[in-house]
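An overview of the molecular structure
Take a look at the letters that make up each chain.
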Amino acid sequence: MTRDEWKIADGKEKPEGECPDSQEKLDMKSLDYQELQDYVTALGEKPFRAKQLYQWMHEKLAGSLEEMTNLPAALRKRLEAQTTITVLKPVEVLTSALDGTQKYLFELEDGNVIESVLMHYRHGNSVCISSQVGCRMGCRFCASTIGGRIRDLRPSEMLDQVYRIQHLTGERVSNLVVMGTGEPLDNYDNLVKFLRMLSDEHGLNISQRNITVSTCGIVPGIRRLAEEDLQITLALSLHASNQEKRKKLMPVANQYELEEVLAACRYYFERTGRRLTFEYSLVGGVNDSPEDARELTALVRGLNCHMNLIPVNPVKEREFVQPDHSVVQAFKNKLEKNGLTVTIRREMGRDIDGACGQLRRSYMRKEEI
Ligand code: SAH
């Protein structure tokens, strides 16, 4: 497969700025501050109206135009006719009895469902969002990719996952991880716009340093992101210590050699000064041996990085198993002895349909019956 074919791997050309067919009105929540100013002034309104509107949508997290009581009724009527304000509908909310983690299943305007997670940490509340409906990357152990990619999410749909959760819980969200369903760098333009809007001082103003984007390793996307002048953390899903093993777990590795992926990560660090995170899902009998640990250390030597080990979450449709706790601990110790900074990802919400994409899949299974 050539690189160009990769872009259309699902057989469809990806239209620029893709929108679902039903979306004929202007998606007002996807306009950034400047674009909203331009739109509102083009309507013949004063610029401060744009400021009010932006504040309602992105700071007060209003769910409708009716709530925007300081806007003249005539303007609200015009906006009603020309625009939509994307608001996600929670169709299921599960709360973990173990740690208070909440999983949200949201319905989009076109009936698709996506999932988001709220986690409580000592350093603040963190939301994990989805960036696409489904995913086409095909990682063997991942539930999100099983039905393929349905469509990209628009900036408004990524933003509103955070907005609805903050609004529904009344708790401030201070951290964000793009680690839910989808490959964020496969929805590049919408992702970057979303990141800028989420960290905009006119909106929720979440610090870019508290934002992490996780990728399976799309090399041109990593290099582009390095040049965006953002202060976000890049997390690379590594999952194997050599090219051959990685190819078996992650089809994207057929497209980009491990060496190129790591070179792109190094470039990201050089441009941004941000320490890299590597994610390594430990799969019993597949990538958890002492030899794997040794090879992994050698692979990332010299990189300013942090290794996050994730004992694989068993997925109903897949046969992968978690290594024993002692194996995970031994793997960690070996990396640490070799000088790496390592954490084992704390499993959050274990009792509420653990791994990425599983809540959405179990909902879809129910709907099919
Ligand atoms: N597309 C992005 C974000 C995906 S999810 C990426 O590939 O990074 C975030 C992380 O969870 C990725 O490292 C992904 O490989 C991992 N993951 C997915 N399914 C998993 C499972 N069943 N067990 C453990 N980790 C999993």
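Reading guide: rules and limits
Residues numbered from 1 in each chain as written. Predicted model: local features only at pLDDT ≥ 70, side-chain atom pairs only at ≥ 80, totals over all residues. Heavy atoms only, no water. Near = heavy atom within 4 Å. Polar contact = N/O pair within 3.5 Å; in protein donor to acceptor, adjacent residues only side chain to side chain. Areas by Shrake-Rupley, 256 points an atom, 1.4 Å probe, with all protein chains shown as cover. Nonpolar A, V, L, I, M, F, W, Y, C, P; charged D, E, K, R; others polar. Axes fitted to C-alpha atoms, helices over the stretch in contact; angles between N-to-C directions. Helix = DSSP H or I, 4+ residues; strand = E, 2+ residues; numbered from the N terminus. Parallel < 35°, antiparallel > 145°, perpendicular 65-115°, else oblique. Left-handed = near helix turned anticlockwise from the far one by under 90°. Contact = heavy atoms within 4.5 Å. Domains from an automatic or database assignment. Buried area = accessible area lost by both parts, 1.4 Å probe. Salt bridge = Lys/Arg side-chain N within 4 Å of Asp/Glu carboxyl O. Phe/Tyr/Trp six-rings, centres within 6.5 Å; stacked < 30°, edge-to-face > 60°. Buried < 20%, exposed > 50% of the residue type's maximum accessible area, 1.4 Å probe, protein only. Lys NZ or Arg CZ within 6 Å of the ring centre and 35° of its normal. Pairing = 2+ DSSP bridges.

Next up on the list: the site of the ligand. The local shell around the ligand holds 20 residues, among which Phe141, Ser214, Ser237, His239 and Asn313 are the closest. Residue Ser237 places a side-chain N or O atom 2.6 Å away from an oxygen atom belonging to the ligand. In isolation the ligand has 520 Å² of accessible area, and contact with the protein removes 96% of it. Each residue belonging to the shell around the ligand can be placed in one class, and the counts come to 10 nonpolar, 8 polar and 2 charged.

This part takes up the packing of helix H6 (residues 188-198) against helix H7 (residues 219-226). In the contact formed by H6 and H7, the axes pass within 12 Å of each other and the chain directions differ by 30°. With respect to H7, the axis of H6 lies roughly parallel. The element H6 and its partner H7 pack so that their crossing is right-handed. The segment H6 lies against H7, with Tyr188, Asp189 and Val192 engaging Gly221, Arg224 and Leu225. The class makeup of the residues in the contact of H6 with H7 is 3 nonpolar, 1 polar and 2 charged.

All right, on to the domain arrangement of the protein chain then. Each assigned domain of the protein chain is listed here: domain 1 (24-84) and domain 2 (87-368). In this structure, domain 1 and domain 2 have C-alpha centres spaced 33 Å apart. Listed as interface residues are 16 residues of domain 1 and, on the opposing side, 17 residues of domain 2. Interface area, domain 1 with domain 2, both sides summed: about 1400 Å², of which 54% is carbon and sulfur. Contact with domain 2 buries area across many residues of domain 1, yet Lys29, His58 and Leu61 alone supply 42% of it, more than any other trio. Where domain 1 packs against domain 2, one counts 3 salt bridges. The salt bridge partner of Glu35 is Lys193, with a shortest N-O separation of 2.6 Å. Listing elements by their share of the side of domain 1 that touches domain 2, those giving two or more residues are helix H2 (33-42) and helix H3 (47-58). Among the elements that take part in the side of domain 1 that touches domain 2, H3 stands out by supplying 3 residues, more than any other. Its residues assigned to classes, the side of domain 1 that touches domain 2 comprises 6 nonpolar, 4 polar and 6 charged.

For the structure on display, the rule yields 3 aromatic pairs. Seen from their ring centres, Tyr33 and Tyr54 are 5.2 Å apart, and the 90° between their planes marks the pair as edge-to-face. On the criterion of sequence distance, the pair formed by Tyr33 in helix H2 and Tyr54 in helix H3 is long-range, its members being 21 residues apart. By the burial criterion, Tyr33 is buried, and Tyr54 matches it. Consider the rings of Tyr104 and Phe106, whose centres lie 5.6 Å apart with planes at 10°: the pair is stacked. Of the two residues, Tyr104 and Phe106, neither departs from the other in class, the shared state being buried. Cation over ring: Lys60 sits above Trp56, and NZ or CZ is 3.9 Å from the ring centre. Directly above the aromatic system of Tyr267 lies the positively charged group of Arg223, at a separation of 5.0 Å from the ring centroid.

Turning our eyes to something else, we now look at unusual backbone geometry. A positive phi angle, near 60°, is found at Leu61, a position not held by glycine. With respect to the element layout, Leu61 can be found in the loop between H3 and helix H4 (73-82).

Using the criterion set out here, one finds 18 salt bridges in the structure. As a salt-bridge pair, Arg151 and Asp110 come within 2.7 Å of each other at their nearest N and O atoms. With a gap of 41 residues between them, Arg151 in strand S8 (residues 149-152) and Asp110 in the loop between strand S4 (102-107) and strand S5 (113-121) connect regions that are remote in the sequence. A residue is classified by how much of its surface remains accessible, and Arg151, at 6% relative accessible area, is buried. Classification of Asp110 as partly exposed rests on a relative accessible area of 31%. What you see here is one network of salt bridges that share partners, running through Asp27, Glu109, Asp110, Arg151, Arg154 and Glu157.

The next subject is the sheet that holds strand S10 (residues 211-215). The 10 strands lie next to each other as S3-S4-S5-S6-S9-S10-S11-S12-S13-S14, forming an open sheet whose pairing is mixed. For this open sheet the edge positions go to strand S3 (89-95) and strand S14 (341-344), each flanked by a neighbour on one side alone. The average undirected angle you get between the axes of adjacent strands in this sheet is 25°. In this sheet, strand S12 (residues 276-282) lies alongside strand S11 (residues 233-237) in parallel orientation, the contact comprising 3 bridges. Bridge pairing in S12 places Ser237 opposite Glu279.

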